Structure formats: C-alpha cells, structure tokens
Amino acid sequence: MKVFVFNSLVLVVLGTLQVTSAGCCADGWTSYRSHCYFIAYGVELTFADAQRYCKARGAYLTRLETWAENIFLRKMLSKSKAVHTWMGLSDQTYESIWRWADTNKHATFSDWRPGEPNNLGNEDCVAFYAGSANRWNDYPCQRKLTPLCEKS
C-alpha cells in the first residue's frame, strides 16, 4: 500500500493498475473499450466451474456484444498460448438457442468455425478454438478448458 499526500488530500493506492488509453484494468487483465479481459493461463475448468472462477474475480465468462469485440478477442487470443478458451455462451436450456450465461440474452451474432455448431456428443457450451483462428466451436460443458473472464 502506498500513501500520497497532495495539499491535504490523502490518496491511498491499494493495488497496481495497468492504465491504457482504453481504460484501467488490474495487472494481468487486458483492456478494450470499457471492458477488461483475463485469460486464466494454466487453469482448465468445466463450463460451470469456469463461471464460478470468473465470478470469484468479480467478472463473468466473456459475453460478446459486438463484432469488433469478437475480432479484438480473436487477435488477443492468437497472441496467447490458449488453445480452447471458454466464453459465456451456451444452449444448455434449449437446443440451438444460444444465450449468454450471465444475462440469459440471445447472442446477436455468431462466428462459428466451418461445420459448427454440430452438437457432436451433446456439445452445449462455446469456446474460442485456436486451431481455427479462434472462431467459435461448441464443446461438451463438462470438458475442461481455459476460462476467459470479462469485467465491464
């Protein structure tokens, strides 16, 4: 903890922030517009456990709101070592009705890799797949993949 005094104003800094032109994110998080993203390197969890992992960090599994955000994340992931990375999209409630886990809202666009979603082996949860330039792929929700958390 650092304490700074400016003309009788005391400023206490409890942690280190990474400041970018897009906003402020904690160390280890990447900023894009008003959002911060965290790739949980070395962590592989089921979809449900990945949701809990992000929630414990004050975040949620990534929810894509725009095509530009999708492209940003695809590029960010391509520079990382992540291969299969959970986002917060699934059709667990109704088959082929893709909803965001944190809001229950329908996805407004998609970026499936060719031949997906195919529901091969009851695949109800979605991840970025590095083998197809981080386009979307459906997976069984019990498969253990790397969480991609988001704060807004």
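A. Focus on the packing of aromatic side chains. Tallied over the full model, the rule gives 10 aromatic pairs. Relative to Phe72, the ring of Tyr37 has its centre 6.0 Å away and its plane inclined at 45°; by these criteria the two rings are tilted. Of this pair, Tyr37 sits in strand S6 (residues 35-39) while Phe72 sits in helix H2 (residues 67-78), and the two are 35 residues apart along the sequence. Judged by relative accessible area, Tyr37 falls into the buried class, the value being 1%. Three or more aromatic residues link up through ring pairs in this structure, and these residues are Trp67, Trp98, Trp100, Phe109, Trp112 and Trp136.

B. The arrangement of the side chain of Ser90 in detail. Tracing the sequence through the fold places Ser90 in strand S8 (residues 84-90). Classification of Ser90 by relative accessible area gives buried; the value is 9%. At 3.3 Å, the side chain of Ser90 forms a polar contact with the side chain of Gln92. With sequence-adjacent residues up to four places away left out, Ser90 is seen in contact with Phe47, Ile97, Trp98, Arg99, Asp124 and Cys125.

C. Structural detail: the pattern of salt bridges. Overall, the coordinates contain five salt bridges when judged by the stated rule. When the shortest N-O distance is used, the salt bridge between Asp49 and Arg52 registers 2.4 Å. On the criterion of helical spacing, the pair formed by Asp49 and Arg52 is a turn pair, its members being three residues apart in helix H1 (residues 47-55). With a shortest N-O distance of 2.3 Å, Arg63 and Glu65 are connected by a salt bridge. Glu65 sits in the partly exposed class, given a relative accessible area of 39%. Put simply, Arg63, Glu65 and Asp102 are held in one network by salt bridges that share partners.

Rules used throughout
- Residues numbered from 1 in each chain as written.
- Predicted model: local features only at pLDDT ≥ 70, side-chain atom pairs only at ≥ 80, totals over all residues.
- Heavy atoms only, no water.
- Phe/Tyr/Trp six-rings, centres within 6.5 Å; stacked < 30°, edge-to-face > 60°.
- Helix = DSSP H or I, 4+ residues; strand = E, 2+ residues; numbered from the N terminus.
- Buried < 20%, exposed > 50% of the residue type's maximum accessible area, 1.4 Å probe, protein only.
- Polar contact = N/O pair within 3.5 Å; in protein donor to acceptor, adjacent residues only side chain to side chain.
- Contact = heavy atoms within 4.5 Å.
- Salt bridge = Lys/Arg side-chain N within 4 Å of Asp/Glu carboxyl O.

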